[in-house]
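As a plain string of letters, each chain reads:
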Number of protein chains: 4
Amino acid sequence: MTRVSIVGASGYTGLELVRILLRHPAVELAHLAVREPAGQRFSDLFPALRGLCDLPLSGLDVEAIAQGSDLIFFGLPHTSSMEWVPRFMQRGIKLIDLSADYRLDRADLYRTAYGCEHRQPEALEQFVYGLPEFNRSRIAASAAVANPGCFPTSVELALLPALRRGLIETASIIVDSKTGISGGGRSPKPAFHYPEANENLAAYKVGRHQHEPEMEQELAKMAGGPVDILFVPHLAPMTRGIFSTIYARLRETADTEEVLALYNEYYRGEPFIRLLPAGEAPQTRHVSGSNFCDIGMAVVGSTLILMSAIDNLVKGASGQAVQDMNIMLGLDETLGLL
Amino acid sequence: MTRVSIVGASGYTGLELVRILLRHPAVELAHLAVREPAGQRFSDLFPALRGLCDLPLSGLDVEAIAQGSDLIFFGLPHTSSMEWVPRFMQRGIKLIDLSADYRLDRADLYRTAYGCEHRQPEALEQFVYGLPEFNRSRIAASAAVANPGCFPTSVELALLPALRRGLIETASIIVDSKTGISGGGRSPKPAFHYPEANENLAAYKVGRHQHEPEMEQELAKMAGGPVDILFVPHLAPMTRGIFSTIYARLRETADTEEVLALYNEYYRGEPFIRLLPAGEAPQTRHVSGSNFCDIGMAVVGSTLILMSAIDNLVKGASGQAVQDMNIMLGLDETLGLL
Amino acid sequence: MTRVSIVGASGYTGLELVRILLRHPAVELAHLAVREPAGQRFSDLFPALRGLCDLPLSGLDVEAIAQGSDLIFFGLPHTSSMEWVPRFMQRGIKLIDLSADYRLDRADLYRTAYGCEHRQPEALEQFVYGLPEFNRSRIAASAAVANPGCFPTSVELALLPALRRGLIETASIIVDSKTGISGGGRSPKPAFHYPEANENLAAYKVGRHQHEPEMEQELAKMAGGPVDILFVPHLAPMTRGIFSTIYARLRETADTEEVLALYNEYYRGEPFIRLLPAGEAPQTRHVSGSNFCDIGMAVVGSTLILMSAIDNLVKGASGQAVQDMNIMLGLDETLGLL
Amino acid sequence: MTRVSIVGASGYTGLELVRILLRHPAVELAHLAVREPAGQRFSDLFPALRGLCDLPLSGLDVEAIAQGSDLIFFGLPHTSSMEWVPRFMQRGIKLIDLSADYRLDRADLYRTAYGCEHRQPEALEQFVYGLPEFNRSRIAASAAVANPGCFPTSVELALLPALRRGLIETASIIVDSKTGISGGGRSPKPAFHYPEANENLAAYKVGRHQHEPEMEQELAKMAGGPVDILFVPHLAPMTRGIFSTIYARLRETADTEEVLALYNEYYRGEPFIRLLPAGEAPQTRHVSGSNFCDIGMAVVGSTLILMSAIDNLVKGASGQAVQDMNIMLGLDETLGLL
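Residues numbered from 1 in each chain as written. Chains lettered and ligands numbered in written order. Predicted model: local features only at pLDDT ≥ 70, side-chain atom pairs only at ≥ 80, totals over all residues. Heavy atoms only, no water.

Residues and elements named next belong to chain A. Direction vectors running N to C along helix α7 (residues 150-164) and helix α10 (residues 256-266) enclose 100°, while the axes themselves pass 10 Å from each other. Viewed along their axes, α7 and α10 adopt a mutual orientation that is roughly perpendicular. Contacts from Ala158, Leu159, Leu160, Pro161, Ala162 and Arg164 in α7 reach Leu262, Tyr263 and Tyr266 in α10. (Axes fitted to C-alpha atoms, helices over the stretch in contact; angles between N-to-C directions. Helix = DSSP H or I, 4+ residues; strand = E, 2+ residues; numbered from the N terminus. Parallel < 35°, antiparallel > 145°, perpendicular 65-115°, else oblique. Contact = heavy atoms within 4.5 Å.)

This is how it looks when you write it as structure tokens:
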């Protein structure tokens, strides 16, 4: 059994990780650590798991956690991860960071997106971007993985085959995403106050969301050249789910069935990609609580419309992290996730 | 035109008051004041009213507000009202307080319910409890009104005829209420964080809600003797609405039609009470945004089940306050409310 | 007082019309008619209006309605309106149809969009498209108005100034709309069954929605040449609201402030258009229950992102119909709507 | 491996059963049968399970199903089960019916509650009421189990210890339940139409719900004498969950801690009962998707307030059915459910 710990276990991604790992036959939970322990158990914070996970929430005792863990998930907020992750490196422990701190290749991109200097820029190249459908073998060979962001996951999985096969123009891809409120995290904020969020739909961070550099970085690798996206996220009145509608220009005439055939061929054998019949749209409800990414598409004129639905906390965060863990440990990739 | 101001205009009750008063043909809004002005307009805080109410949010300048107002609504939180209300008394200005600070008759009850000493206990007797269906003439004669709480309004209106006519036992009346989240106010709190409140129903403050003393005080006046209620509120995943289900023991055998006939007779002519046909249940959606209280009932055995639905921000707060204002000003009671 | 009737009063648009007209000082409701009367009153169908509108729901007695009405709103479903509207024409009665039956200029477009032959193609040219911000004087001069669709309203109002001023390319405008469920009407259907619609977001009728021809027809008039849009609607888990995000290519370099200045100038004096500060996004909650269309925008590179929010039942249907009525009757356009 | 089939697999309970059984290590799904097969697969009906369960939906071929199954769950509607269940009896196949058809002991009670004659009254005594916490050994010994209703489960589990230990009076126990909309099933109906159910709370079937006879029958067995309950259900705007608030009169003075101690002792070792600390209220969100019943309580005066939360589709239906299956098969009771 692999001993797994979570550093920064008090957020929604922490809850989702524990939910998934409790069902995983090959791991046992070791430490659940938080920055400000208050003598609580995990289930005091998350009563849904009372009786299922009553482990104590310990403080960030680096030595104790390092000694007791074979693999560590980091669920700390952006900019906090890079404070703690370095202390666990070079110890033979596998690391998976769910924050954005190690996703970008360049420190200057990080500074622009997250507003502060990166504390450990030299480590950036050690972290593999944890999108299995794109980086499987590199993830398998790595000791450190940066788990992708939720929006980037939904967008990159939708575009990957089209970009790899040169189907679409790479300038001005439009991405219109709609997310549930849990994506904003566990801390109360005015925009997430129930009376403000309920019965409401609104765009935010229009064209300036911090996930755009991450998306363009990875999409460029997929395309083999620069990719320019215009990303507009929207908050929707639901707890979970991301639905991304992507508009791209086809390089050559094609119809929906042809593109779908290409996607089916490209994603053959992928355990967590479900391609819908031509013209059928995915629904976030159908992936709720699961690690699937459902993709639908329709060609209208010379525009390829791609639609992807994921659960922002599962395939968009903790589920994908466990999928990466399975790969790093040489286990069946779907273990604990189906 | 009556010049009306709101002291403490930045909460949901403030927004609802302004919405209603903008349509009121006999008043004009004078001052909208907040404790910590930040150079904003009302519509900066509440963009729904952009173009409808762009008045500035001023500070609590007592002299300026007093000089410029004929009637003042207080939308400050509990314990804050009693700091500011005294400064506006004895000036010939009519006052309507939406907080709990002047509802209770006795300072000791207040201390128990709200956890601090009342600052102006001598003024308590000057404030009339603003439930029009019970206190109409006293409200009309008063210069100061304490607007009832939301739960108390839904419960007292449902029980009033039964208590006045001695229909039911007054010991152990059970009140099971379900409220929308806006009742908790505008400040983000963990319980009101969308992912916590959505898809969730839970009781809270079981048997110890601060509205119980207020309810027992007024119900006792209606009954002409002590009334003991057991009150359990629940948070429901919606923005507006209170549904109260009340279980009382009949003193004598009666059927639903008989009790309904008594209610119809008692409430004849009441502009904001709607009695439903026998056995039909009210729905909070049917009173959403309106000042109505819908009441339904069913006799089962020797138990009288009363059900009432109100909009917690309208009949449960701001609508009722305007209804009180109309009475105090000698206007048609429904002005601005239909 | 103008005597106003509603033919086809049993849908959500009927309810919204009555809500608005009850507050309108210059009209009185005459007939509320339905195809299959069952001896009910309007408030039996819509208990929210009990005590406010207890008129009976009569059958479609053409003569009685014609005799008793100065203006008639038609709230019948698409394809049904054109069965009944002709019977009321040429009688000196003003007609406003809320269905799609008279919006399109050409019968062949209608056949393609709605799947059947138009029954009264010769009358199409008599109906003015009821978008006041575009057709005000023609509406004022007309006896027959075809009220625009909900999505088209949100899209056309957002694009009108940009098209009139030649700001944007007219090929491949992308429109990504998100709507509340009430847009689907009052009849239960699997997609609108609460457990299916709640906690769910999904696209539908991708690239083949019946509103596309209507939008392209009107946008072409605004642009003075063909306009090609790609329209993808999505169902969002809320009752009311439409949020449309529109992506258009600027013809010449401009920044957000410049475009906003142009919009402010173009829409100066428009009572129901609210333009938000640069980069701020509208929210459907802020227009809920009101006739406003809130518009925000951001220029990113050479793309102009336009965002508009309306209440699908108000500015997207019944509110706009009353706005048209006010124009046709020579009344203040905002009467009953503020 | 036990071969398990579902007769009547097209409802929400069918979906929940399949979800749970897919994770069950000791069973394999054999037949998923519906009354009106249309050549579909299970995942065509429930796309959330695409790739997880693509079994075909077959027709009700009694012989084929009987030959191929060791245990059958019946997910047919009330009154339909008793048409089909008899054809599978006396074949050595274990049967678990999720409808109400075999829950009541007497055919006359059934007629009153469900409005028609029972087709197989002689079989009623063969079915054990499937509440494990009460009937574990009888379930283990039986070949036929009638799975309890959702409301009855939430109420009976809350009252069981108090009744068995004679803590409370058995006349006039008040039960106020709040349920999510999925309890109404998969067929669209006006009350479950999203715009009608959203942002709405309302009581229904006041004092005349068909679950009352079932509850009184089982509670009487627990108490050793007649129990009279008054049951008022309410629809709440959420998909899943039942929260029941129960008001009972204590026979002798006790405080919350004493009653809680008794419950802890009575329910010791029960894998799916979670008792909350004194005064803490359960939340439906904390049991969402799980087979737990969370119970909280508070003594106020001489009233014992019991609160229970379950997921109506899991512990209220399919989860409990699988728990019963485990018992009948002599497996660990929690298999597939944690």
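Moving on, we come to the relation of the copies chain D and chain A. Overlaying chain D on chain A yields an RMSD of 0.0 Å, the required transformation being a rotation through 180° with an accompanying axial translation of 0.0 Å. The operation mapping one copy onto its partner corresponds to a two-fold rotation axis. Identified as the residue of chain D closest to the rotation axis by C-alpha distance is D:Glu199, at 4.4 Å. (Least-squares fit on C-alpha atoms with pLDDT ≥ 70 in both.)

For interface size, the figure often reported is the accessible area lost on association. Residue and element names in this part refer to chain A. Considered domain by domain, chain A is made up of domain 1 (2-126) and domain 2 (151-312). Between the C-alpha centres of domain 1 and domain 2 the distance comes to 27 Å. Of the roughly 1,000 Å² buried at the junction of domain 1 and domain 2 (both faces included), carbon and sulfur atoms supply 49%. For the pair domain 1 and domain 2, the interface holds 3 salt bridges. With a closest N to O distance of 3.0 Å, Lys221 and Asp105 form a salt bridge. At the boundary of domain 1 with domain 2, the tally comes to 6 residue pairs in polar contact (both at pLDDT 80 or more). (Domains from an automatic or database assignment. Buried area = accessible area lost by both parts, 1.4 Å probe. Salt bridge = Lys/Arg side-chain N within 4 Å of Asp/Glu carboxyl O. Polar contact = N/O pair within 3.5 Å; in protein donor to acceptor, adjacent residues only side chain to side chain.)

Quick look at the sheet that holds strand β7 (residues 144-146) of chain C now. Residues and elements named next belong to chain C. Strand order in the open sheet formed by 7 strands is β3-β2-β1-β4-β5-β7-β6, and the pairing between neighbours is parallel. Looking along the sheet, the strands with just one partner apiece sit at the ends: β3 (57-58) and β6 (128-129). Sheet topology places strand β4 (residues 71-74) next to strand β5 (residues 94-97); 4 bridges connect them, and they run parallel. Of the residues in β5, the one forming a bridge with Leu71 is Lys94. Packed onto the sheet, helix α1 (residues 12-22) meets β1 (2-7), β2 (27-33) and β4 and runs at close to 160° relative to β2. (Pairing = 2+ DSSP bridges.)

This next bit is on the environment of A:Ile72. Structurally, A:Ile72 can be placed in strand β4 (residues 71-74). Excluding residues that lie within four positions of it along the chain, A:Ile72 makes contacts with A:Ser5, A:Val7, A:Ile65, A:Phe88, A:Ile93, A:Lys94, A:Leu95 and A:Ile96.

All names here are of chain D. Within strand β13 (residues 293-300), 7 of the 8 residues are buried, leaving the element largely enclosed by the surrounding structure. Across 3 bridges, the pairing between strand β12 (residues 273-275) and β13 is parallel. Of the residues in β13, the one forming a bridge with Ile273 is Cys293. As paired elements, β13 and strand β14 (residues 303-310) share 7 bridges and run antiparallel to each other. Its bridge partner being in β14, Met297 is matched across the sheet by Leu306. Taken together, β13 and the strand that follows it, β14, pair antiparallel across an intervening segment of 2 residues, in which Gly301 is found at a positive phi of about 65°. (Buried < 20%, exposed > 50% of the residue type's maximum accessible area, 1.4 Å probe, protein only.)

All names here are of chain A. By secondary structure assignment, the location of Gly279 is in the loop between β12 (273-275) and β13 (293-300). In this structure the C-alpha to C-alpha distance between Gly279 and Met297, which are 18 residues apart in sequence, comes to 5.7 Å. Those residues in contact with Gly279, other than ones at most four positions away along the chain, are Thr256 and Met297.

Whether parallel or antiparallel, the strands of a sheet pair through hydrogen bonds between backbone atoms. Residue and element names in this part refer to chain D. Pairing within the open sheet is mixed, and its 7 strands lie in the order β9-β10-β8-β11-β14-β13-β12. Looking at the sheet topology across the chains shown, the edges are occupied by β9 (202-203) and β12. By the bridge criterion, 6 bridges tie strand β8 (residues 173-179) to strand β11 (residues 242-249) in an arrangement that is antiparallel. Its bridge partner being in β11, Ile174 is matched across the sheet by Tyr247.

On to the interface of chain D and chain A, then. In this complex, chain D contributes 15 residues to the contact, which on the side of chain A involves 15 residues. Each partner contributes to the roughly 1,500 Å² buried at the junction of chain D and chain A, and carbon and sulfur atoms together form 48% of this total. Connecting chain D to chain A are 2 salt bridges. The salt bridge partner of A:Arg50 is D:Glu280, with a shortest N-O separation of 3.1 Å. Between chain D and chain A we count 10 residue pairs in polar contact (both at pLDDT 80 or more) in total.

Applying the stated criterion across every chain, the model contains 34 aromatic pairs over all chains. Ring centres of A:Tyr263 and A:Tyr267 lie 6.3 Å apart, and the angle between their planes is 65°; this geometry places the pair in the edge-to-face category. Both rings, one in D:Phe42 and one in D:Phe46, keep their centres 5.1 Å apart while their planes meet at 50°; by these two values the pair is tilted. In textbook terms, an aromatic cluster arises when at least three aromatic residues are bridged by ring pairs, as seen for A:Tyr263, A:Tyr266 and A:Tyr267. Over the face of the ring belonging to A:Phe292 we find A:Arg274, whose NZ or CZ atom lies 4.0 Å from the ring centre. (Phe/Tyr/Trp six-rings, centres within 6.5 Å; stacked < 30°, edge-to-face > 60°. Lys NZ or Arg CZ within 6 Å of the ring centre and 35° of its normal.)

This part covers empty space enclosed by the protein. One water molecule sets the probe size; rolling that probe over the atoms shows where empty space is left. Under the definition given, this model contains 1 cavity of 30 Å³ or more. In this structure, the largest cavity spans a volume of roughly 80 Å³. As for the largest cavity, its lining consists of 14 residues, and the residues nearest its centre are A:Asn198, B:Asn198, C:Tyr194, C:Asn198 and D:Asn198. Here the residues of the lining of the largest cavity are counted per class, giving 9 nonpolar, 4 polar and 1 charged. (1 Å grid on protein atoms, 1.4 Å probe; cavity = no way out; pocket = protein on both sides within 12 Å on 5 of 7 lines; lining within 4 Å. Points joined across faces, edges and corners; volume = space filled by probe spheres on them. Nonpolar A, V, L, I, M, F, W, Y, C, P; charged D, E, K, R; others polar.)

With that settled, the discussion passes to α10(A). Residues and elements named next belong to chain A. Considered for burial, the residues of α10 that qualify are Thr256, Val259, Leu260, Leu262, Tyr263 and Tyr266. Taken end-on, α10 shows its buried residues confined to a sector of 160°, consistent with a single buried face. If you follow the buried residues of α10, they end up packed against α7, β12, β13 and β14 (303-310). If you check the start of α10, you find a side-chain oxygen 3.2 Å away from the backbone N of Glu257, and it comes from Asp255. (Arc of directions from axis to C-beta.)

This brings us to helix α6 (residues 132-140) of chain D. Residue and element names in this part refer to chain D. For α6, the complete set of buried residues consists of Pro132, Glu133, Phe134, Asn135 and Ile139. Along the long axis of α6, the arc covered by the buried residues comes to 155°, so they all point the same way. The inward-facing, buried residues of α6 abut β6 (128-129), β7 (144-146), α7 (150-164), α9 (211-223), β12 and α11 (314-328).

In this section: the relation of the copies chain A and chain C. In the superposition of chain A on chain C (RMSD 0.0 Å, axial shift 0.0 Å), the rotation amounts to 180°. With an isologous cut-off of 70% or more, the 100% of interface residues of chain A that recur at the interface of chain C puts this contact in the isologous class.

Next up on the list: unusual backbone geometry. Positive phi values are uncommon outside glycine, yet A:Thr79 reaches one of about 80°. Turning to its location among the elements, A:Thr79 is positioned in the loop between β4 and α4 (81-84). The backbone of B:Glu199 sits at a positive phi, close to 50°, despite the residue not being glycine. As for its position among the elements, B:Glu199 is in the loop between α8 (194-197) and β9 (202-203).

For the rest of this paragraph, the subject is the confidence of the model for chain A. Per-chain confidence: chain A averages 96 in pLDDT, with 100% of residues scoring 70 or above. Reported confidence for the predicted complex is 0.96 by ipTM and 0.97 by pTM. (pLDDT = per-residue confidence, 0-100.)

Bringing the pairing of strand β11 (residues 242-249) of chain A into the picture now. All names here are of chain A. For β11, the buried fraction is high: 7 of the 8 residues fall into the buried class. Where β11 lies against β14, 8 bridges are found, and the strand directions are antiparallel. Residue pairing across strands places Phe243 opposite Ala309, the latter belonging to β14.

Bringing the interface of chain A and chain C into the picture now. Facing the 37 residues of chain A at the interface are 37 residues of chain C. Counting each side, the surface lost to burial between chain A and chain C is near 3,000 Å², with a carbon and sulfur contribution of 60%. The largest contributions to the chain A side of the interface with chain C come from A:Glu199, A:Leu201 and A:Arg285, which together make up 21% of the buried area. Across the chain A-chain C interface, the total number found is 4 salt bridges. If you look at where chain A meets chain C, you find 24 residue pairs in polar contact (both at pLDDT 80 or more). Residue composition of the side of chain A that touches chain C, grouped by class: 20 nonpolar, 10 polar and 7 charged.

What follows concerns the side chain of B:Glu214. Residue and element names in this part refer to chain B. Relative to the assigned elements, Glu214 resides in helix α9 (residues 211-223). You can call Glu214 buried: its relative accessible area is 2%. Apart from the residues within four sequence positions on either side, Glu214 is in contact with Arg103, Leu104, Tyr129, Pro148, Gly149, Pro152 and Glu156.

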